[in-house]
Structure formats: C-alpha cells, structure tokens
Amino acid sequence: MSYQKRTALALAAAVAGSVVLMAAPAAHASVVDVDYQCQTPIGPKGAVSPIDIKAVKSGSNYQLTMSFQKGVSSSPVELGKGAMKPSALIKLGGVGEGTVAVSGPANAEAVPANTPIKINDLTGTYTPKKSGKVTFTAGVLTIKALGTTTTCTPKNNPGPSLELDVTAAGGGGSDGGTSQPTPSGGELPKTGPLDSALALGTLGGTVLLAGAAGVLWLTRRGQRAAS
C-alpha cells in the first residue's frame with residue numbers, strides 16, 4: 001500500500017473517532033408518571049401526572065426545569081388570577097445528595113372550581129459539589145392558594161426523570177450539591193448542556209490531532225525508508 005493511501009486511511013480513522021466522541025450522550029431524560037397523593041384543606045385527592053425534568057449548564061451551575069403534563073389537584077372554589085403559587089423539591093441521586101428547591105409563577109388565568117390545577121413549569125438552580133452521574137427525581141409538590149397549603153407526595157416510588165453527568169467547580173467536594181430557588185422564566189433550552197457538548201468536541205479534536213500526529217510519523221518513516 002502506498003504512503004498516500006496509508007495517510008488517507010489513518011486520517012479518516014482519526015476523524016471517525018472524533019465524530020463518535022461528539023455523539024456521546026451527556027444526559028438521559030425520560031417522562032415519568034408520578035402518582036401524587038395530595039392532602040388538601042377539604043380532604044385527600046390524587047392524580048397521576050407525567051413529569052419531565054430538563055437541565056442546562058450555566059457556569060458552575062445547572063438550571064433545572066420541572067414540567068407537569070397534567071393537573072394533580074383541584075379546588076372546590078374558583079382560584080382567581082395569581083391566587084395559586086406552586087413549588088416542589090427534586091430529589092438527587094448518584095453523586096448528588098439531598099434535594100433542589102424549584103418554584104414557578106402564580107397562575108396566569110383563573111382556575112375554575114373542581115377542575116385540575118395546571119402547574120406551571122418550576123425552575124431552580126443545582127450546584128454540584130462532586131463530578132459524576134446525578135439523577136433527578138420528582139419529589140414533594142406544594143400548592144399554596146387562598147391562604148391554604150396543599151402538599152402532594154409521590155406514592156409510586158417514581159424513577160428519575162433525568163440522569164446527567166455533571167462537573168463540579170474545582171473538580172470535586174465533600175457533598176453532592178446545593179439548592180437555590182430561582183425566579184421562573186429565563187432561557188432554558190432542551191436537555192443536554194452546551195458546555196458538555198463543547199467539552200466532547202474538545203476531546204474529539206484531541207483524538208483528531210493524535211491521528212494526524214500518527215500520519216506524520218508514518219510519512220516521515222516512509223520517506224526515511226525510501227531514501
């Protein structure tokens with residue numbers, strides 16, 4: 001085989017390696033059905049809601065969004081605009097420990113009596129203290145309305161809605177993370193931190209450079225053999 005062909009094949013292998021690394025997933029998300037059992041001012045109520053949790057890396061933090069696809073409770077009276085305020089806890093697993101508090105805006109429209117209460121997206125900030133794999137699972141939901149508090153607890157031991165490889169500032173720590181509530185809104189794109197993708201791209205570039213170095217070595221070796 002000529003040196004030119006060996007050079008082309010080695011370069012192609014290096015590029016293929018970098019493409020595989022770029023495609024490596026940094027997160028796994030799934031919508032999980034959560035069976036909420038709620039203690040309300042008028043007695044127990046319950047409903048199943050699919051829960052979706054997304055994360056976006058922002059500096060040394062991760063911005064979390066918890067979404068409810070169905071209502072989980074109801075009110076015997078109409079809830080006027082802005083009368084209902086939701087919040088929740090997200091349980092951490094893996095190298096993460098404890099919970100992250102998330103909260104959302106009050107209802108933008110009135111909620112008719114005896115109809116499922118739609119929970120707006122809840123957001124919060126997770127700051128990891130250890131690098132590694134962390135799971136995020138729906139925890140207790142709290143609804144405050146008209147001076148009352150309704151607490152909804154998952155009863156079906158739901159699995160994680162998100163599994164994410166996180167990077168701690170400084171490369172490690174003694175505990176799994178801290179939680180900080182953040183105002184609702186803000187830019188929260190799809191799951192899969194951009195920083196992680198960039199990191200994978202850098203790693204892929206390293207493989208590519210290593211492949212190119214191998215090609216250069218082969219070429220020089222061939223030239224010496226031919227001379």
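Here the structure is a predicted model, which is why all the values come from computation and not from measurement. (Residues numbered from 1 in each chain as written. Predicted model: local features only at pLDDT ≥ 70, side-chain atom pairs only at ≥ 80, totals over all residues. Heavy atoms only, no water.)

Brief notes about the packing of aromatic side chains
One pass over the full model with this rule turns up three aromatic pairs. Geometrically, the ring pair formed by Tyr 36 and Phe 68 is tilted, given 6.1 Å between the ring centres and 35° between the ring planes. Residue Tyr 36 is found in strand E2 (residues 32–40), and its partner Phe 68 is found in strand E4 (residues 61–68); the two are separated by 32 residues along the sequence. Take Tyr 36: its relative accessible area is 0%, and that puts it in the buried class. Between Tyr 126 and Phe 136, the ring centres sit 5.4 Å apart and the planes meet at 85°, which makes this aromatic pair edge-to-face. Taken together, the residues span a long stretch of sequence, with Tyr 126 in strand E7 (residues 122–127) and Phe 136 in strand E8 (residues 132–145) at a distance of 10 residues. (Phe/Tyr/Trp six-rings, centres within 6.5 Å; stacked < 30°, edge-to-face > 60°. Helix = DSSP H or I, 4+ residues; strand = E, 2+ residues; numbered from the N terminus. Buried < 20%, exposed > 50% of the residue type's maximum accessible area, 1.4 Å probe, protein only.)

Focus: the pattern of salt bridges
Tallying each qualifying case throughout the model produces three salt bridges. The partner of Lys 133 in a salt bridge is Glu 163, with the nearest N and O atoms 3.9 Å apart. Of this pair, Lys 133 sits in strand E8 while Glu 163 sits in strand E10 (residues 162–166), and the two are 30 residues apart along the sequence. One salt bridge connects Asp 165 with Lys 133, and the closest N-O pair in it is separated by 3.0 Å. With Asp 165 in strand E10 and Lys 133 in strand E8, the pair connects residues that are 32 residues apart, well separated along the chain. Each of Lys 133, Glu 163 and Asp 165 takes part in one network of salt bridges that share partners. (Salt bridge = Lys/Arg side-chain N within 4 Å of Asp/Glu carboxyl O.)

What to know about the confidence of the model for the chain
The predicted model of the chain has a mean per-residue pLDDT of 74, with 63% of residues at 70 or higher. Across residues 14–25 the pLDDT falls below 50, and counting only partners more than four positions away or on other chains, this stretch makes 15 contacts in the model. Note on residues 174–221: pLDDT under 50 across the span, and 83 contacts to partners over four residues away in sequence or across chains. (pLDDT = per-residue confidence, 0-100. Contact = heavy atoms within 4.5 Å.)

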